[in-house]
Amino acid sequence: MTTLPQELNTKSNYETRYANTLSAVRRGLEQFLAINDNPIGINGQSIEGPEKLWEAMQYSALDAGKLIRPVFTIETCLACGGELENVLPTACAIEMVHAQSLIHDDLPCMDNDDLRRGKPTVHKAFGESAAVLTGDALLAFAFGIISKHTPLNKPVTAENLIKVISDFSDVSSMKGLVNGQFVDIYYENRPFDANVLEYIHTYKTGALFRFSARAGARLAGVPETTVETFTQIGEKLGLAFQIVDDLLDIQSDSETMGKTVGKDQAQAKATYPTLFGIETSRKKAESLIIEANELLNSLPEIKTDALKALAEFIHERIH
Ligand code: GRG
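Once a new chain begins, its residue numbering starts again from 1 and follows that chain's sequence as written. Residues qualify for local features only when their pLDDT is at least 70, as the model is predicted, and side-chain atom pairs are given and counted only at 80 or more; totals for whole chains, interfaces and linings, by contrast, use all residues. The side-chain values count all of the structure's non-hydrogen atoms but skip hydrogen atoms and water molecules.

1. So, the overall build of the protein chain
Across its full length, the protein chain carries 16 helices and four strands. Each residue gets one of three labels from its accessible area relative to the maximum for its type: buried under 20%, exposed over 50%, partly exposed in between, using a 1.4 Å probe on protein chains only. The buried share among the 319 residues of the protein chain stands at 52%. Summarising the internal contacts of the protein chain: among those between residues at least 6 apart in sequence, 76% fall at separations of at least 24. Computed by Shrake-Rupley with a 1.4 Å probe, the accessible areas treat only the displayed protein chains as cover when residues are assessed. Per element, the accessible surface of the protein chain, about 14,600 Å² overall, is 53% carbon and sulfur. The secondary structure listing takes helices from DSSP runs of H or I that are at least 4 residues long and strands from runs of E that are at least 2 residues long, numbered from the N terminus. In what follows, a contact means two residues having at least one pair of non-hydrogen atoms within 4.5 Å.

2. Quick word on the environment of E188
Within the secondary structure, E188 sits in the loop between α9 (177-186) and α10 (194-218). A relative accessible area of 23% means that E188 is categorised as partly exposed. For the pair formed by E188 and K269, sequence separation is 81 residues and the distance between their alpha carbons is 5.3 Å.

3. Considering the site of the ligand
Lining the immediate surroundings of the ligand are 21 residues, of which K66, R69, H98, Q100 and R117 lie closest. Polar contact is defined as a pair of N or O atoms within 3.5 Å, subject to the rule that within protein one atom must be able to donate a hydrogen and the other to accept it, and that residues adjacent in sequence are counted only when both atoms are side-chain atoms. Between R69 and the ligand, the recorded distance is 2.7 Å, taken from a side-chain N or O atom to an oxygen atom. In isolation the ligand exposes 760 Å². Once the protein is present, 93% of that is buried. Every element with two or more residues in the shell around the ligand is listed here: α5 (84-106), α9, α10 and α11 (224-251). Here the element with the most residues in the shell around the ligand is α5; it accounts for seven residues. Summary of the distance rule: residues count as near a molecule or strand when at least one heavy atom falls within 4 Å of that molecule or strand.

4. Structural notes on the environment of T121
The residue T121 is located in the loop between β4 (119-120) and α6 (122-126) in this model. On the basis of relative accessibility, which here comes to 1%, the residue T121 falls in the buried class. Here the alpha-carbon distance between T121 and Y59, two residues 62 residues apart in the chain, equals 9.4 Å. Ignoring anything within four residues of it in the chain, the contact list for T121 reads Y59, D106, D113, D114, L115 and R116.

5. So, empty space enclosed by the protein
Buried and open spaces are told apart on a 1 Å grid over the protein atoms alone, a cavity being a set of points where a 1.4 Å probe fits but cannot get out and a pocket being an open set with protein on both sides within 12 Å along at least five of seven lines. Residues with an atom within 4 Å of a point are the lining residues. Grid points are joined across faces, edges and corners, and a volume is the space filled by probe spheres set on the points. The full count for this structure, using the stated rule, is one cavity of 30 Å³ or more. Taken as a whole, the largest cavity encloses approximately 110 Å³ of empty space. Around the largest cavity, the lining residues are Y59, S60, A99, L102, I103, D106, R116, R117, K119, P120, T121 and V122. Mapped onto the lining of the largest cavity, the elements with two or more residues apiece are α3 (50-61), α5 and β4. Counting residues per element, the lining of the largest cavity draws most heavily on α5, which supplies four residues. By the convention adopted, Pro, Cys, Tyr, Trp, Phe, Met, Ile, Leu, Val and Ala count as nonpolar, Lys, Arg, Asp and Glu as charged, and the other residues, Gly among them, as polar. Tallied by class, the residues present in the lining of the largest cavity amount to six nonpolar, two polar and four charged.

6. Points about the packing of aromatic side chains
In this analysis, rings of Phe, Tyr and Trp, with Trp reduced to its six-membered ring, are considered paired at centre separations within 6.5 Å, and the interplanar angle assigns stacked below 30 degrees, edge-to-face beyond 60, and tilted for intermediate values. Here the structure, examined in full by the defined rule, presents ten aromatic pairs. With a centroid separation of 6.0 Å and 45° between ring planes, the pair formed by Y18 and F313 is classed as tilted. Separated by 295 residues along the polypeptide, Y18 in helix α2 (residues 14-32) and F313 in helix α16 (residues 305-316) bring together distant segments of the chain. Seen from their ring centres, F143 and F168 are 4.7 Å apart, and the 45° between their planes marks the pair as tilted. Placement of F143 in helix α7 (residues 128-149) and of F168 in helix α8 (residues 158-171) is noted, with a sequence separation of 25 residues between them. Residue classification places F143 among the partly exposed positions, given a relative accessible area of 24%. The rule is short: NZ of Lys or CZ of Arg within 6 Å of the ring centre and within 35 degrees of the ring normal puts a charge over the ring. Directly above the ring of Y59 sits K119, whose terminal nitrogen or CZ lies 3.6 Å from the centroid. The ring of Y186 has R190 sitting right over it, with the charged end atom 3.8 Å from the ring centre.

7. Some details on the side chain of Q100
Mapped onto the fold, Q100 is located in helix α5. Not counting residues up to four positions away in its chain, the partners in contact with Q100 are G135, L138 and L139.

8. Some details on the packing of α10 against α11
Their axes nearest at 7 Å, the elements α10 and α11 cross at an angle of 140°. Judged by the inter-axis angle, α10 sits oblique to α11. The two elements α10 and α11 meet at a crossing, and its hand is right-handed. Axes here mean lines fitted to C-alpha atoms, for a helix over just the part in contact, with angles spanning 0 to 180 degrees between N-to-C directions. The labels follow the angle: roughly parallel below 35 degrees, roughly antiparallel above 145, roughly perpendicular from 65 to 115, and oblique for the rest. Here a crossing is called left-handed whenever its near helix is offset anticlockwise from the far helix by less than a right angle, and right-handed whenever the offset is clockwise.

9. Thoughts on the pattern of salt bridges
By convention in these notes, a salt bridge is any Lys or Arg side-chain nitrogen within 4 Å of a carboxyl oxygen on Asp or Glu. Evaluation of the coordinates by the stated rule reveals 14 salt bridges. Where R214 meets D167, a salt bridge forms, and the shortest distance between an N and an O atom there is 2.7 Å. In this pair, R214 is assigned in helix α10 and D167 in helix α8, connecting sequence segments 47 residues apart. We classify R214 as buried; its relative accessible area is 11%. For E235, the salt bridge is made with R210, and the minimal N-O distance between the two is 2.4 Å. Here the residue E235 occupies a position in helix α11, and R210 occupies one in helix α10, the gap between them amounting to 25 residues.

Below, the structure written as structure tokens:
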């Protein structure tokens, strides 16, 4: 059996720090999605209706998610010596794209789910066309959040910021999540092998974790070699996160997860447990977390405690 290194088996005093980072993300999202800051009127008069779109955006992006991707982004930046104010807009934009992907994933034409984070999915609460538009709005809005709200200062050069936005386009398109989702649906009820599976997970979930790590490091102004190491760390943690999610779909219950469980099997989805069984999948997730940890250890100049605790949080979900 794979054993985790000692430092990953001990709980650090990370909880307070994690709580602080979480509240920074929540405040950021509330501020960026505040309806009062945004014009919904014309000719000096408001009309009824547009506020429903904002409500749906807030409903999906402000509520009850674990916020692991923005926290990972921020902690990577801080570990690399960066500043919260430089990375917060990107972290919030990542959560908006994540929220968008969940809204569209839940639609009747995709996974057809009624429950998300313990409450009705966006199309159940607001209607199907509103859900499509809410996702569209969040996706496009996210790009503006990064470009309008990231301060340009010493580590955040215009060149670095353009690289972040260009990576964000890749992750949000057919080079990232859309590709993963497309291939995932393509292989429903089709034979698949380990290669197909890794492909789907790498794009569907790994891509956003990969981007989180890359962007966090880049916005701290670290050398490109360190950005590349963080890219690998993000890939490994993202893949581990998806394998854990697949395991929880079998082993957990809807109340704990806040979403319908057992759907992967019902929809004949390509997952690690379907192909390799529970024990091998669990070991694969653990190995990926160990590999991420080893990569962190290869960066002596980085303060890695908080990131190791985050890796342990991913691992802990299946224990
Ligand atoms: C245009 C960006 C874009 C995407 C459209 C619909 C779609 C393409 C992609 C869906 C990708 C998807 C649903 C991946 C699943 C990832 C996953 C493991 C989600 C669960 O994440 P958690 O556990 O959720 O972090 P919370 O609720 O905590 O935020």
